[in-house]
Amino acid sequence: MLRAFKADLHIHTCLSPCADLEMSPRGIVRKAQEKNLEIVGICDHNSAENVLALKDAARDLPISILAGMEVTSHEEVHILGLFDKPAGALRLQEIIYGHLPGENNEEAFGLQVVVNAAGEVQRFNTKLLIGASTLALEKVVSLIHSLDGLAIAAHVDREGFSIIGHLGFIPDSLSIDALEISAAISREEAQQRFGGRWPLTASSDAHSLDEIGRASTSFWLAEGTVSEIRMALLNREGRKVLN
Amino acid sequence: MKVKNIIEKLSLNVLTAPDKLDIEVSGGYASDLLSDVMANARPRNIWITLQTHQNIVAVAKLRELAAIVLVNNRTPEPETLKSAEEEKVPLLVTGDSAFTISWKIHALLEHED
């Protein structure tokens, strides 16, 4: 049976150096429930190391955690990769790590905390997660697709780190699945500016608990999975993006 | 000053459109945000950037820019080269940083007359 699912596909955890340390698995899940979210995409910068902890924290709860990552291409464009199988996100992580130079400076950029479901510190990631990978935008998108993921251009309404801000427009040849808009723009305005060729999804890009759900997308789906969302973006088999 | 004079004086490497270097340069613009270049570069500007994505060719064409200078010896994507050749947009390369090459080009243009 198809029904509406409220989704926030772009949430950071305490692994992202720029995110609040309060972004623990249980904290995120609790806030997501408060906001009536049933689908949550976990997308840290260039890493997926907290995805399994989030899945663990949401176990037995009516909330689907999607394994994801916010990849930085060498043009410094942010692309979300979302996967049904955590293995897809972890494989992407392995490839990104192989193309991500530099080491984190905790004082300059912040802590990168790998935690378990209870929020206990497991270790500190030392990669320069805030940096850019050496992979071109097209390569990032094709990698995500090759791992059966969904590739969404992040916060296209912003100038910084967005495909439109950095590259002026979306290349015709790019097989992106959707454009994400931020909480800073209304759906109506976004539809005028970016609508037409690509479906739009709104998400919070939350870096702190109070930002979770500040923008969201309702999908008409059978269940809260990436493959269902893919069908909705393509308007297939009754699945659709509601608003 | 023409694009070809700047190339000669600063030993820039010409990657594409060697037959399109006779254009008189109106000034320079340095930016890596293509949205900004689309909004603010002027026709026949020489554009200094480190972006190598194929969209730079379309932006140069759209704004009628004289040439693109890629800094720090950046290597463009194959699609960028192909597109620049087809669209007759000169892609030039320097080992200098954007700061240094901007300063050098500015000095050339300033002392022209």
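Structure first, text after, so check above.
Residues numbered from 1 in each chain as written. Chains lettered and ligands numbered in written order. Predicted model: local features only at pLDDT ≥ 70, side-chain atom pairs only at ≥ 80, totals over all residues. Heavy atoms only, no water.

**Observations regarding helix α1 (residues 3-10) of chain B**
All names here are of chain B. Note the threshold: Burial classification: accessible surface area is computed with a 1.4 Å probe over protein chains only, and a residue below 20% of its type maximum counts as buried, one above 50% as exposed, and the rest as partly exposed. Put simply, DSSP H or I for four residues or longer makes a helix, DSSP E for two residues or longer makes a strand, and each gets a number counted from the N terminus. Read the arc as the range of directions from the helix axis to the C-beta atoms. A contact between two residues is defined here by any heavy atoms of the two lying within 4.5 Å.
What α1 keeps buried is the set Val 3, Ile 6, Ile 7 and Leu 10. All buried residues of α1 fall inside an arc of 100 degrees around its axis, so they share one side. Turned more than 90 degrees off the buried face of α1, the exposed positions are Glu 8 and Lys 9. At its buried positions, α1 is contacted by β1 (13-14), β3 (45-49), β4 (67-70), β5 (91-93) and α5 (98-110). Backbone geometry just after α1 places Ser 11 at a positive phi near 50 degrees.

**Looking at the pattern of salt bridges**
The test is simple: We define a salt bridge as a contact between a side-chain nitrogen of Lys or Arg and a carboxyl oxygen of Asp or Glu at a distance within 4 Å.
Scanning the entire structure with this criterion turns up 14 salt bridges over all chains. Here Asp 172 of chain A and Arg 197 of chain A are joined by a salt bridge, their closest N and O atoms 2.8 Å apart. Remark: Arg 197 of chain A occurs in the loop between α7 (187-194) and β9 (200-202) and Asp 172 of chain A occurs in the loop between α6 (163-167) and β8 (178-181); sequence separation between them is 25 residues. Exposure class is identical for Asp 172 of chain A and Arg 197 of chain A. Each is exposed. For the salt bridge of Glu 86 of chain B with Lys 82 of chain B, the shortest nitrogen-to-oxygen distance reads 3.7 Å. A residue pair is termed a helical-turn pair when its members lie 3 or 4 positions apart in one helix, as Glu 86 of chain B and Lys 82 of chain B do in helix α4 (residues 78-87) at 4 residues.

**Overview of the environment of Asp 8 of chain A**
Residue and element names in this part refer to chain A. We count it as follows: N or O atoms closer than or at 3.5 Å make up a polar contact, with two conditions inside protein: a donor-capable atom paired with an acceptor-capable one, and, for residues adjacent in sequence, both atoms drawn from side chains.
Mapped onto the fold, Asp 8 is located in strand β1 (residues 3-11). Relative accessible area serves as the criterion here: at 0%, Asp 8 is assigned to the buried category. Taking C-alpha positions, Asp 8 is 19 Å from Asp 60, a pair spaced 52 residues apart along the chain. Those residues in contact with Asp 8 that sit more than four places away from it in its chain are Leu 37, Ile 39, Val 40, Gly 41, Ser 203, Ser 204, Ile 212, Gly 213 and Ala 215. A polar side-chain atom of Asp 8 sits 2.7 Å from a polar atom in the side chain of Ser 204.

**Here's the deal with unusual backbone geometry**
With the exception of glycine, most residues fall at negative phi, and the peptide bonds are largely trans. Residues and elements named next belong to chain B. Residues other than glycine seldom take positive phi values, yet Asn 72 does so here, at roughly 55 degrees. Note on placement: Asn 72 falls in the loop between β4 and α4. Its relative accessible area of 44% is what places Asn 72 among the partly exposed residues. Located in the positive-phi region is Lys 88, a residue other than glycine, with phi close to 60 degrees. With respect to the helices and strands, the residue Lys 88 is situated in the loop between α4 and β5.

**Observations concerning a nonpolar patch on the surface**
Here is the rule we go by: To count toward a patch, a residue needs a relative accessible area over 30% and no salt bridge; like charges are then connected within 9 Å, while nonpolar side chains (Val, Leu, Ile, Met, Phe, Trp, Tyr) are connected within 5 Å. All accessibility values rest on the Shrake-Rupley procedure with a 1.4 Å probe; residue burial counts only the protein chains present in the view.
Residues Leu 21, Leu 111, Val 121 and Phe 124 of chain A make up a contiguous nonpolar surface patch of roughly 350 Å² in combined accessible area. By secondary structure assignment, the location of Leu 111 of chain A is in the loop between α4 (106-109) and β5 (113-115).

**Here we look at the interface of chain A and chain B**
The condition is simple: The buried area of a pairing is the accessible area, by a 1.4 Å probe, that goes missing from both parts when the two are put together, added over both. Each residue gets one of three labels, nonpolar for Ala, Val, Leu, Ile, Met, Phe, Trp, Tyr, Cys and Pro, charged for Asp, Glu, Lys and Arg, and polar for the others, Gly among them.
Listed per partner, the contact involves 14 residues of chain A and 14 residues of chain B. Summed over both partners, the interface of chain A with chain B comes to about 1100 Å²; 52% of that surface belongs to carbon and sulfur atoms. On the surface where chain A and chain B come into contact, there are 0 salt bridges. Of all the secondary structure elements, the ones that give two or more residues to the side of chain A that touches chain B are α5 (137-146) and α6 of chain A. It is α6 of chain A that contributes the most residues to the side of chain A that touches chain B, 4 residues altogether. Residue composition of the side of chain A that touches chain B, by class: 6 nonpolar, 5 polar and 3 charged.

**Regarding the sheet that holds β1 of chain A**
Residue and element names in this part refer to chain A. Operational definition: Pairing between two strands is assigned when DSSP locates at least 2 bridges connecting them.
Spatially, β9-β8-β7-β4-β3-β2-β1-β10-β11 is the arrangement adopted by the 9 strands of the open sheet, whose pairing is mixed. The open sheet has two edge strands, β9 and β11 (240-241), and neither has a second partner. As paired elements, strand β7 (residues 150-153) and β8 share 2 bridges and run parallel to each other. Opposite Ile 152, over in β8, you have Ala 178 as the bridge partner.

**With respect to the pairing of β8 of chain A**
Residues and elements named next belong to chain A. To keep it simple, the criterion reads: A right-handed crossover is one whose linking path, passing over the helix from the first strand to the second, runs clockwise when the strands point away from the viewer.
Of the two faces of β8, both are covered, the one formed by Ala 178 and Glu 180 as well as the one formed by Leu 179 and Ile 181. Two strands pair when backbone bridges link them, and β8 and β9 are joined in this way by 3 bridges, in the parallel orientation. Within β9, the residue paired with Ile 181 across the bridge is Ala 202. Remark: the β8/α7/β9 crossover connection has right-handed handedness.

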